[in-house]
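In case you want the letters, here they are:
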Amino acid sequence: MGETQPKATGGRSAQLAHTGLRHGWTTGACATAASTAAYTALLSGEFPDPVTITLPKGQTPSFALAVEELTAGADPAGAMAGVVKDAGDDPDVTHGALVRATVRALPAGSGVVFRAGPGVGTVTRPGLPLAVGEPAINPVPRQMIREHLTAVAEAHGGPGAAADVAVEISVDHGEELARSTWNPRLGILGGLSILGTTGIVVPYSCSAWIDSIRRGVDVARAAGRRHVAGCTGSTSEKAVVALHHLPEDALLDMGDFAGAVLKYIRRHPVDRLTLCGGFAKLSKLAAGHLDLHSARSQVDKGFLAQLARQGGADEALADAVAGANTGLAALQLCAAAGVPLGDLVAATARDEALTVLRGAPVAVDVICIDRAGLVVGRAEPRGPGARTHPAPDRFT
């Protein structure tokens, strides 16, 4: 597959060039290439191989065809082409997936109609950039496909020729792959989404996860949810559901990206936000870290010792906390001495979250859990709108 490397002029492209990692192509780019090849074959009888497309920022990658099939004598006539997604050095769940496009002729004036084939999901909930019932082929890939098919139509039929076709996008084993994505929770059922705004996958980027957080907030708001929860993993989700009985579409899998949740909700507020996670991770938020990944922030036992002093710890206990091997060990030391370190971390994390929210009309509460999912610290709701949300039983 031919590649046009992004120019290292700054931002993500410059970072990619600096790392030396190889970029890849989005499912949207692959679907565009497959659609272009299939429509070309439908009009000319020959598949271009490789097929070259133009991405939104001007790059012109070439894609080798993995499969092709022409059914010119059928009614309606159709052609299918497929390319294998290469995600570069990114650990993408769809790396190596076969993305197919089947293009069939429609009556004049029909335009380009998109359909979900096997392995591509269908939107079943509001709040996404596509209407309910639509194939999960996002707006930018749709625009790319339309533009390329129009160019193919004009190349064979002259200026002003229109592409009147049905484009069915499918992904081999896509429904199975989608179980490892946010699609089921977002109400995208039956398979994967065809994604991409630039056509390029940047391997080090956390943008896909952060984008899924944003889409989760959008879906919750569209569903009328006034209370959402940002959780660091499945154990914290279970704890939130047990305490607040929130529906699935109100749960945000924030992972390590607490900052992404807070910054997006700052611009798109809900009445109440619960943050729930492991004690150690939330102690990082309490200390001012918005990225909670172990490679980018560490538990500060000195900070925990300061909080322990605020909770009544003597110097001997504070020193033991500062020298503890793990955050959990510090928590256990304090628990044995009757010092509520878990509650102190939760309250400080809540206050840090409110600082990031910058006065947005959102009440925030925090729940700290241990590895078994037991609650080891809580902070009552505070912030604008907190009066409309009664505190949990333990705070009344």
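Residues numbered from 1 in each chain as written. Predicted model: local features only at pLDDT ≥ 70, side-chain atom pairs only at ≥ 80, totals over all residues. Heavy atoms only, no water.

**Some thoughts on the sheet that holds strand β5 (residues 78–84)**
Ordered in space as β4-β5-β6-β10-β7, the 5 strands form an open sheet in which the pairing is mixed. Edge positions in the sheet fall to β4 (67–71) and β7 (112–116), since each of these pairs with one other strand and no more. Each strand axis lies, on average, 15° off the axis of its neighbour in the sheet, ignoring direction. As defined by bridge partners, β5 adjoins strand β6 (residues 98–105) across 7 bridges and the pair is classed as antiparallel. (Pairing = 2+ DSSP bridges. Helix = DSSP H or I, 4+ residues; strand = E, 2+ residues; numbered from the N terminus. Axes fitted to C-alpha atoms, helices over the stretch in contact; angles between N-to-C directions.)

**Comments concerning the sheet that holds strand β14 (residues 227–231)**
Taking strand neighbours across the sheet as the criterion, the 5 strands line up as β15-β14-β16-β17-β18 in an open arrangement whose pairing is mixed. At either end of the open sheet lies a strand with only one pairing partner, and these are β15 (251–253) and β18 (375–382). The average angle at which neighbouring strand axes cross in this sheet is 15°, direction not considered. In this structure, strand β17 (residues 363–369) lies alongside β18, joined through 5 bridges in antiparallel fashion. Bridged to Val364 within β18 is Arg382. Lying over the sheet, helix α8 (residues 258–267) contacts β14, β15 and β16 (272–278), oriented at roughly 180° with respect to β16. Here helix α9 (residues 279–286) sits on the sheet and contacts β16, β17 and β18; the angle it forms with β16, its principal contact strand, is near 125°. (Contact = heavy atoms within 4.5 Å.)

**Some thoughts on the side chain of Lys85**
Looking at where Lys85 falls in the secondary structure, it is placed in the loop between β5 and β6. Accessibility expressed as a relative area gives 4% for Lys85, which makes it buried. Within the structure, Lys85 has its side chain in polar contact with the side chain of Thr94 (distance 2.7 Å). Setting aside chain neighbours within four positions, we find Lys85 in contact with Trp25, Thr26, Thr27, Cys30, Asp92, Thr94, His95, Gly96, Ala97 and Val201. (Buried < 20%, exposed > 50% of the residue type's maximum accessible area, 1.4 Å probe, protein only. Polar contact = N/O pair within 3.5 Å; in protein donor to acceptor, adjacent residues only side chain to side chain.)

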